[in-house]
Amino acid sequence: MSLAKSPWIIHVNCNSCNGCDIELVACLTPLYDAERFGLLNIGTPKQADIMVVTGSVNYKNVNVLKNIYNQIPDPKVVLAVGACASTGGIFHDCYNVVGGADQIIPVDAYVPGCTPRPEAIIDGVVAALSILENKKKGNIRGKEVKLTGKEVPSNA
Amino acid sequence: MDMNSVLTVVLVLIGAPIIGCLASGIDRRITARLQGRVGPPILQPYYDVRKLLSKDNMIVNESQNFYVVVYLIFIILSLLMLVFKADILMIVFVYTVASIALIVGGMSTGSPFARVGSSREIMAILSYEPVLLLYALAIYLLTGTFKLSAVLDASTPVLMYTPLIFIAMLVVLNIKLKKSPFDYSTSHHAHQELVKGMLTEYSGPGFAIIEIAHFYEYVFLTGLIFLFWAANPLIGALIAIVAYLLVIVIDNITARVYWQWMLKLSWTFLLAISIVNIAFLYFSGVKIV
Ligand code: SF4
């Protein structure tokens, strides 16, 4: 139970339209007050437990995403918030878009919607927490996602 | 060392983090209420530390953890010296070593965020240290010795003759607890500034030790305020608690300032009122013992 009582999240914005980001920040406002569950929006990946990804991954930020993922100490979970982060959303067939976050890093939970409501995001975090606990119990470690240098689209 | 002092050491080692943890929890609760939120449970800092201890320790270099341990040891040492009524000047120096350990630790990681945070913390030390030294000097002028036992034996409280230094010390408390408007070297909880400032590269157990050291530091700093009315421990504790609550309120009603502001404030206003106070003590020659 030790992890579930103070989930610290790091928010990674990959090419999001800002809709999901604003809803995520809304979770921390007095109306929803996610801090009453101990949830904090922490600035550095080294102290985070839950990585919240918003927006679809594109070729410019794929290495940033991998880098941040690698810097989070185990046990960690990844939560994809919004249609974009889950599948690519309305940007899925853009020339520069790789797709959802799960194309690059292992995603543990998805929050659907464009944009998801803050209640849905809090629900997603709660779902991620039980996964986090299981990872701790089973000592499941996220494996390092290798940086491959410059990522380019195959059709370029 | 007789039985009694061993008992005191054990009591301080166990009791201080509990008090500090509760104080930090109350801080977060009050902050939440002032912002119209429910806020986390009072024991939230304890949950945080427990979680951090169960996580991986990701480090960028070996020495990083060493500095954290130095920080913890010197904070505990300065608290113990305070409890054992040692030399106030020595306490100030030991306490400075603790702060410097954290700065060197931040610098050693090489992260630009940690470096900016560390250099800002140096500025913070530069601005509060003179006031702290003048506080020690005031105690010397009043009692004729730097030993704190004289303050505790005196029948008149120190505050009677040092109201201006008391005001300066409240600002020092604000700077040292890293609360707004002076929270730019590293910030607590949901406030963010340059990622996490000085503590950017710490994770898991390393960060947990810093948090535990903060708990000790809370008790140590309020202990310095307590000394102002040590003649009556009840009033002294009350003043310390009120000062702590005042810092929390100030934290919530002010925005962060430039570090230049803090330097100007302390080197003009705070230093001036402290020196006026010292001059008064020196020329009037009052003694409380
Ligand atoms: S899911 Fe919708 S709201 Fe969220 S980033 Fe994508 S387009 Fe914007």
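Chemist: How should helix α2 (residues 44-53) of chain B be read in this particular structure?
Modeler: Quick reminder: α-helices carry 3.6 residues per turn. Residues three or four places apart thus point the same way. Counted residue by residue, α2(B) has 7 buried out of 10 residues, so it is predominantly covered. For α2(B), the set of buried residues is Q44(B), P45(B), Y47(B), D48(B), V49(B), K51(B) and L52(B). In this structure, the buried side of α2(B) is in contact with β1 (8-13) of chain A together with α1 (3-34) and α8 (204-226) of chain B.

Chemist: Whenever I open this one, the side chain of S56(A) confuses me. Can you help?
Modeler: Looking at the secondary structure, you find S56(A) in the loop between β3 (50-54) and β4 (57-58). Apart from residues lying up to four places away in sequence, S56(A) is in contact with C14(A), N15(A), N61(A), C84(A), A85(A), G88(A), F91(A), V97(A) and G99(A).

Chemist: Would you take a moment to explain the state of the cysteines for this structure?
Modeler: A covalent bond between the sulfur atoms of two cysteines is referred to as a disulfide. Applying the stated rule across the entire model yields 0 disulfides over all chains. The thiol of C27(A) is not disulfide-bonded; the next cysteine sulfur, from C20(A), is found 11 Å away.

Chemist: Would you take a moment to explain the site of the ligand for this structure?
Modeler: Residue and element names in this part refer to chain A. Around the ligand, the surrounding shell consists of S16, C17, G19, C20, G82, A83, C84, G113, C114 and T115. Put simply, the parts of the chain that give the shell around the ligand at least two residues each are α1 (19-26) and α3 (82-87). Take the shell around the ligand: its biggest share by element is 3 residues, from α3. Among the residues making up the shell around the ligand, the classes are represented as 5 nonpolar, 5 polar and no charged.

Chemist: Is there a simple way to explain the side chain of D21(A) in this structure?
Modeler: All names here are of chain A. Within the secondary structure layout, D21 lies in helix α1. Summary of buried charges: D21 has no salt-bridge partner, and the nearest side chain of opposite charge, R117, is 17 Å away. Separated by 2.8 Å, the side chains of D21 and N13 make a polar contact. Each residue touching D21, except ones within four places of it in the same chain, is listed here: H11, N13, S16 and T54.

Chemist: How should the packing of aromatic side chains be read in this particular structure?
Modeler: Given two aromatic rings, their pairing is described by the distance between the two centres and the angle made by the two planes. Summed over all chains, the structure comprises 9 aromatic pairs over all chains. Measuring from centroid to centroid gives 5.2 Å for Y282(B) and F283(B), while their planes differ by 80 degrees, and the two rings are edge-to-face. Pair check on accessibility: Y282(B) and F283(B) agree, each one exposed. Aromatic rings pair up to connect Y135(B), F166(B) and F228(B) into one cluster. Lying across the ring of Y69(A), K76(A) places its NZ or CZ 4.1 Å from the centre. For the cation-ring pair, K51(B) lies above W8(A), with the distance from its terminal atom to the ring centre recorded as 3.8 Å.

Chemist: Looking at this structure, I do not really get the nonpolar core. What am I missing?
Modeler: The nonpolar side chains of soluble globular proteins are, as a tendency, buried together. Core analysis: the largest hydrophobic core is formed by 111 residues, its most contacted members being M51(A), V53(A), L65(A), I105(A), M169(B) and L224(B). Apart from residues no more than four positions distant in its own chain, V53(A) is found in contact with V12(A), C14(A), L65(A), V78(A), L79(A), A80(A), V81(A), A85(A), A101(A) and I105(A). The next biggest cluster of nonpolar side chains, apart from the first, holds 21 residues, and it includes L24(A), L39(A), V81(A) and I121(A).

Chemist: What is the right way to read the sheet that holds strand β5 (residues 77-81) of chain A from this model?
Modeler: What links the strands of a sheet is backbone hydrogen bonding, and the strands pair in either a parallel or an antiparallel sense. Residues and elements named next belong to chain A. What the 5 strands build is an open sheet, ordered β2-β1-β3-β5-β7; its pairing is parallel. This sheet does not close on itself; its edge strands, each paired only once, are β2 (40-41) and β7 (109-111). As paired elements, β5 and β7 share 3 bridges and run parallel to each other. Looking across to β7, one finds that L79 is bridged to A109.

Chemist: Can you help me understand the pairing of β1(A) in this one?
Modeler: The two faces of the sheet receive side chains in turn, since in a regular strand these alternate between them. Residues and elements named next belong to chain A. Looking at chain direction, β1 and β2 are connected through 2 bridges and run parallel. Opposite W8, over in β2, you have L40 as the bridge partner. Note that the unit made of β1, α1 and β2 has a crossover that is right-handed. Judged from the 5 bridges that link them, β1 and β3 form a sheet pairing that is parallel. Residue pairing across strands places N13 opposite T54, the latter belonging to β3.

Chemist: Can you walk me through the interface of chain A and chain B in this structure?
Modeler: One widely used convention gives an interface's size as the accessible area the parts lose upon coming together. Contacts between chain A and chain B engage 30 residues on the former and 31 residues on the latter. Both faces combined, the contact of chain A with chain B buries some 2500 Å², and carbon together with sulfur accounts for 50% of it. Sorting the residues of chain A by area buried against chain B places E35(A), K46(A) and Q47(A) first, and these three jointly supply 24% of that buried surface. In this assembly, chain A and chain B are joined by 6 salt bridges. Inspection of the chain A/chain B interface yields 19 residue pairs in polar contact (both at pLDDT 80 or more). Secondary-structure elements contributing two or more residues to the side of chain A that touches chain B are β2 and α2 (62-71) of chain A.

Chemist: Which parts of the structure should I look at to understand the pairing of β5(A)?
Modeler: Residue and element names in this part refer to chain A. Counting buried positions over the 5 residues of β5 gives 5, a clear majority of the element. Burial along β5 is two-sided: V77, L79 and V81 facing one way and V78 and A80 facing the other are all buried. Of the strand pairs in this sheet, β3 and β5 are connected by 5 bridges, and their pairing is parallel. The residue bridging M51 from the neighbouring strand is V78, located in β5.

Rules and cut-offs
Residues numbered from 1 in each chain as written. Chains lettered and ligands numbered in written order. Predicted model: local features only at pLDDT ≥ 70, side-chain atom pairs only at ≥ 80, totals over all residues. Heavy atoms only, no water. Buried < 20%, exposed > 50% of the residue type's maximum accessible area, 1.4 Å probe, protein only. Helix = DSSP H or I, 4+ residues; strand = E, 2+ residues; numbered from the N terminus. Contact = heavy atoms within 4.5 Å. Disulfide = S-S within 2.5 Å. Near = heavy atom within 4 Å. Nonpolar A, V, L, I, M, F, W, Y, C, P; charged D, E, K, R; others polar. Lys, Arg positive; Asp, Glu negative; His and termini not counted. Salt bridge = Lys/Arg side-chain N within 4 Å of Asp/Glu carboxyl O. Polar contact = N/O pair within 3.5 Å; in protein donor to acceptor, adjacent residues only side chain to side chain. Phe/Tyr/Trp six-rings, centres within 6.5 Å; stacked < 30°, edge-to-face > 60°. Lys NZ or Arg CZ within 6 Å of the ring centre and 35° of its normal. Core = buried A, V, L, I, M, F, W, Y, C linked by side-chain atoms within 4.5 Å. Pairing = 2+ DSSP bridges. Right-handed = clockwise from strand over helix to strand, strands pointing away. Buried area = accessible area lost by both parts, 1.4 Å probe.

Keep in mind these values describe shape, not function.
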